[in-house]
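Tertiary structure, described
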2 protein chains.
Amino acid sequence: MPVAKKIAESFQRSSWIRKMFEEGACLSETHGCDNVFDFSIGNPNLTPPAEFQRVLEELVCDGKVGTHGYMPNAGYRETRAAVADYLSQDQGVRIGADNVVMTVGAAGALNVILKAVLDPGDEVVVPSPYFVEYGAYIDNHQSAIKPVSTGEDFDLDLRAIEKAIGSKTRAVLINSPNNPTGRVYPESTISALGELLGRKCRQTGRIIYLVSDEPYRRIVYDGHRVPPVMAAYANTIIASSYSKELSLAGERIGYLAVNPSTPQAEVLMEGLIMANRILGFVNAPALMQRVVARLQGVGVDISPYRRNRDLLYTTLTEAGYSVVKPEGAFYLFPRSPVEDDVAFVKELLGHLVLAVPGSGFGKPGYFRLAYCVAPQVVDGALPVFRRIGEKYFG
Amino acid sequence: MPVAKKIAESFQRSSWIRKMFEEGACLSETHGCDNVFDFSIGNPNLTPPAEFQRVLEELVCDGKVGTHGYMPNAGYRETRAAVADYLSQDQGVRIGADNVVMTVGAAGALNVILKAVLDPGDEVVVPSPYFVEYGAYIDNHQSAIKPVSTGEDFDLDLRAIEKAIGSKTRAVLINSPNNPTGRVYPESTISALGELLGRKCRQTGRIIYLVSDEPYRRIVYDGHRVPPVMAAYANTIIASSYSKELSLAGERIGYLAVNPSTPQAEVLMEGLIMANRILGFVNAPALMQRVVARLQGVGVDISPYRRNRDLLYTTLTEAGYSVVKPEGAFYLFPRSPVEDDVAFVKELLGHLVLAVPGSGFGKPGYFRLAYCVAPQVVDGALPVFRRIGEKYFG
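Residues numbered from 1 in each chain as written. Chains lettered and ligands numbered in written order. Predicted model: local features only at pLDDT ≥ 70, side-chain atom pairs only at ≥ 80, totals over all residues.

**A closer look at the overall build of chain A**
When helices and strands are tallied, chain A shows 13 helices and 12 strands. In terms of overall dimensions, chain A is globule-like: its C-alpha atoms have a radius of gyration of 21 Å, near the 21 Å expected for 394 residues. Counting only C-alpha atoms, chain A reaches 60 × 55 × 50 Å along its principal axes. Out of the 394 residues belonging to chain A, those deemed buried represent 54%. Taking all contacts inside chain A whose residues are at least 6 apart in sequence as the whole, residues at least 24 apart take part in 73%. (Helix = DSSP H or I, 4+ residues; strand = E, 2+ residues; numbered from the N terminus. Rg over C-alpha atoms; globule rule 2.2 N^0.38 Å. Buried ≥ 20, exposed ≤ 12 C-beta atoms within 10 Å, placed from the backbone. Contact = placed C-beta atoms within 7 Å.)

Written out as structure tokens, the structure reads:
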């Protein structure tokens, strides 16, 4: 075997997803890109905002000597300060530059956090459905994922979370707005979760971290607001990125921030910085750090996502599908008309529509549509959803 | 404890290095930057070449839509093809785009490689002295570093390597030009190492990878050439970056390349791409991938490094220090005049010269000077080295 056993196993787990992607690529070749409707990947289709382009040009053309070299592993001081200022307003907690580490995207931030806090054999409670890579991230650090089902409306089931927390629990990892459901956990839920975790810390005598993965924080609809996790709980670490709000997913620029109220916050910060170094990230990309320092609070215009959401939600609902209306992010997670979500996704594929089965998110019986796509992709797929709806619900 | 046990342990191990850095920062504040001579960090002081600035400006100002989003996890096809073409010439082996993964620097590449090939309990043989983070990288993947001393001249000791290889050995990790010694392993050594590893693979029935960390490949002096590792051994994986040759250390842009002759090279590549994803790197930064695609073979003018090397080597040698002349990279690794290298580095600190003790590289009794510094840093330190040399050797 030329690769490690775990890697070989992960091939097996993801082999049918890969096969689907390959089939999708073949379909595009056979039928032409315009005739294939690809909702499979969360790669923002919107261009970064004009401010991004302006700041990038300015920084590149000033040609400052030495600005592509190493900086401290946590990132440029001025970038960390800018992020901290923005977060302080957002979270209602006074966060300093010293509480922020710039990271290689949110995925980098999550691995840094998990490396810094998990001992082998620890457990991380994760509400399901969840972003499939969480399992791998937690396993990278010899710990176990403990999935806990959310309710019918995809809100957190606090009683189930309470039951799942045990003597090995080191963290609860939430993602709001959620991938794949689009759910934004309401303030009351977050506040009750904070209360629950505080109680559990006291009971177990261990710090249980709330790790909040928030890359979709600014992509919310209908006046929804993502409640501030730091205001609700002291032992909170936020992981986030500019991948979605500035459409920079390929540039790998994100951050993590620690609630200054957590005990020994400085030791934790030192651990996070150390983890950033020894995992091989070393630091977040230099130029993009300098760019985002000047773009705090700037985001893409999300109205194209809203249009896609509305069209898909209305069409699917009218056609008989059961769908929880997404409040944020750019995913819809309808119930599959048939129990076997993989079979259903294959059926969609037959109509040149690419989706991901709920099984890929720990929730069989559903399917995910990523609607960060061009309007014509949505428009082209609507008749297919109607036709298939007719078949199952008509 | 707010952090994982291993992280807490790594604080302890590195605590005196950190203390020294902090002392160094204090010194700069007290005495002024110009009066402190800092040889502690391998952060290239040279500006990236003019071609880099030109290509970066061109790419940024063309403002192509969508070029900051995700691409395949292995990187842009055209970047991988450009790297493969350049490497093919360099290595004398026909490497294709499919044998290359773009990575978050060489540190990212090394972690991706180790994740892809190491099972828990495996061993990695590493010639010492070695870059201190290797130990952490290998430990990240639940494997053990097996250091093997090099000879007096810092060339590989093949008999010692042969003895160190056992039934758990999965890889031998070399670094040439070497950090901290500046040694370039000669062609005869590399060829004998290839022969040895081939024999060991046949004996053990396991693939033993040669992982060659080569970020200093283009920084060589006096007509030295880094021999091609792929020509010498089939199961070779190269890790490298543009951090040093283009002075882009903060941008985190590097790559790995697999010898197409290794058995099941495609499965290995799949594993490497999977590891790049699940470790949280996801992909190498997009813009820098597009930049380096057009800068293959371009490098900084290394004559300032050569000047520093020559001045330091001559002065130290004349003052009585025992130094192996570096053939590449930008490090000198002289023998400490006293056995206790930490004490000696502290003595240097008293004269406002910052160095790193050999203990930090698994080789007590030596010290490392990183001479990727401004000429005045070298000029200012020379009298100190002479004075201290007088004391010990005069």
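Further notes follow.
**Some details on the interface of chain B and chain A**
The interface is formed by 62 residues belonging to chain B together with 62 residues belonging to chain A. At the level of secondary structure, the elements contributing two or more residues to the side of chain B that touches chain A comprise α1 (5–31), α2 (50–61), α4 (105–117), α5 (133–140), α9 (265–278) and α10 (286–293) of chain B. Here the residues of the side of chain B that touches chain A sort into 36 nonpolar, 19 polar and seven charged. (Nonpolar A, V, L, I, M, F, W, Y, C, P; charged D, E, K, R; others polar.)

**Looking at the sheet that holds strand β9 (residues 331–332) of chain A**
Residue and element names in this part refer to chain A. The three strands lie next to each other as β9-β12-β11, forming an open sheet whose pairing is antiparallel. Since the sheet does not close on itself, it has two edges, and those belong to β9 and β11 (356–357), each with one partner. Here two bridges tie β11 to strand β12 (residues 367–370), and the two strands are oriented antiparallel to one another. When the bridges of β12 are listed, proline 357 appears paired with phenylalanine 367. (Pairing = 2+ DSSP bridges.)

**Some remarks on the sheet that holds strand β2 (residues 100–103) of chain A**
All names here are of chain A. With respect to topology, seven strands assemble into an open sheet ordered β2-β8-β7-β6-β5-β3-β4, the strand pairing being mixed. The open sheet terminates on both sides in strands that have one partner only, identified here as β2 and β4 (144–149). The sheet shows a mean angle of 20° between the axes of neighbouring strands, taken without regard to direction. As judged from the four bridges shared by strand β6 (residues 209–213) and strand β7 (residues 236–241), these two strands associate in the parallel manner. Across the sheet, residue valine 211 finds its bridge partner in β7, namely isoleucine 237. Most of the contacts of helix α3 (residues 77–91) go to β2, to which it runs at about 115°, and overall it touches β2 and β8 (254–258). (Axes fitted to C-alpha atoms, helices over the stretch in contact; angles between N-to-C directions.)

**As for the domain arrangement of chain A**
Residues and elements named next belong to chain A. Here the domain parsing of chain A yields domain 1 (5–48 + 301–393) and domain 2 (66–293). A straight line from the C-alpha centre of domain 1 to that of domain 2 covers 27 Å. Counting from both sides, the interface comprises 26 residues of domain 1 and, opposite them, 28 residues of domain 2. Of all the secondary-structure elements, those providing two or more residues to the side of domain 1 that touches domain 2 are α11 (303–319) and β9. The leading source of residues in the side of domain 1 that touches domain 2 is α11, at three residues. Among the residues making up the side of domain 1 that touches domain 2, the classes are represented as 13 nonpolar, eight polar and five charged. (Domains from an automatic or database assignment.)

**Some remarks on the pairing of β8 of chain A**
Within a regular strand, the side chains alternate between the two sheet faces. Residue and element names in this part refer to chain A. With five of its five residues buried, β8 lies for the most part within the structure. Residues of β8 alternate between two faces, with Gly254, Leu256 and Val258 on one and Tyr255 and Ala257 on the opposite face, all of them buried. Pairing of β2 with β8 involves four bridges; the strand directions are antiparallel. Following the sheet pairing, valine 101 is matched in β8 by leucine 256.

**Describing the packing of helix α4 (residues 105–117) of chain A against helix α5 (residues 133–140) of chain A**
When two helices pack together, their arrangement is given by the angle between the helix axes and the distance between those axes. All names here are of chain A. Closest axis-to-axis distance for the α4/α5 pair is 9 Å, and the angle between their directions is 35°. Crossing handedness for the pair α4 and α5: right-handed. Counting all contacts with α4, which are made through Ala107, Leu110, Asn111 and Leu114, the residues of α5 involved are Glu133, Tyr137, Ile138 and Asn140. Looking at the contact of α4 with α5 residue by residue, the class counts come to five nonpolar, two polar and one charged. (Left-handed = near helix turned anticlockwise from the far one by under 90°.)

**As for α4 of chain A**
Three- or four-residue spacings in an α-helix give side chains the same orientation, since the helix completes a turn every 3.6 residues. The end-to-end C-alpha distance of α4 of chain A is 19 Å, a good match for the 18 Å that 13 residues give at a rise of 1.5 Å each. For α4 of chain A, the buried fraction is high: 13 of the 13 residues fall into the buried class. (Expected span 1.5 Å × (residues − 1).)

**Structural notes on α2 of chain B**
In a regular helix each residue adds 1.5 Å, so 12 residues correspond to 16 Å; α2 of chain B covers 17 Å between its end C-alpha atoms and thus fits that length. Of the residues making up α2 of chain B, those classed as buried are Phe52, Leu56 and Val60 of chain B. Along the long axis of α2 of chain B, the arc covered by the buried residues comes to 55°, so they all point the same way. Exposed positions of α2 of chain B whose direction lies more than 90 degrees from the buried face are Ala50, Arg54 and Cys61 of chain B. On its buried face, α2 of chain B is in contact with α2 (50–61) of chain A together with α10 of chain B. (Arc of directions from axis to C-beta.)

**Description of the relation of the copies chain B and chain A**
Turning one copy of the chain about an axis and sliding it along that axis gives the other copy, so a rotation and a shift relate them. If you rotate chain B by 180° and push it 0.0 Å along the axis, it lands on chain A with an RMSD of 0.0 Å. The symmetry that links the two subunits is that of a two-fold axis. Both copies present the same face, since 100% of the interface residues in chain B are matched by interface residues at the equivalent positions in chain A. (Least-squares fit on C-alpha atoms with pLDDT ≥ 70 in both.)

**Describing unusual backbone geometry**
Note that the residue after serine 128 of chain A, namely proline 129 of chain A, is joined by a cis bond; omega there is 0°. Considering the arrangement of structural elements, one finds proline 129 of chain A in the loop between β3 (123–128) and α5. Not every positive phi belongs to a glycine, and glutamine 142 of chain B is a case in point at roughly 55°. Within the chain, valine 282 of chain B stands out as a residue other than glycine whose phi angle is a positive 70°. By secondary structure assignment, the location of valine 282 of chain B is in the loop between α9 and α10. Here valine 282 of chain B falls in the buried class, since 21 other C-beta atoms lie within 10 Å of it.

**Section: the environment of histidine 141 of chain A**
All names here are of chain A. With respect to the element layout, histidine 141 can be found in the loop between α5 and β4. With 130 residues separating them along the chain, histidine 141 and phenylalanine 11 place their C-alpha atoms 19 Å apart. Ignoring sequence-local partners within four residues, the contact set of histidine 141 consists of Leu114, Lys115 and Leu118.

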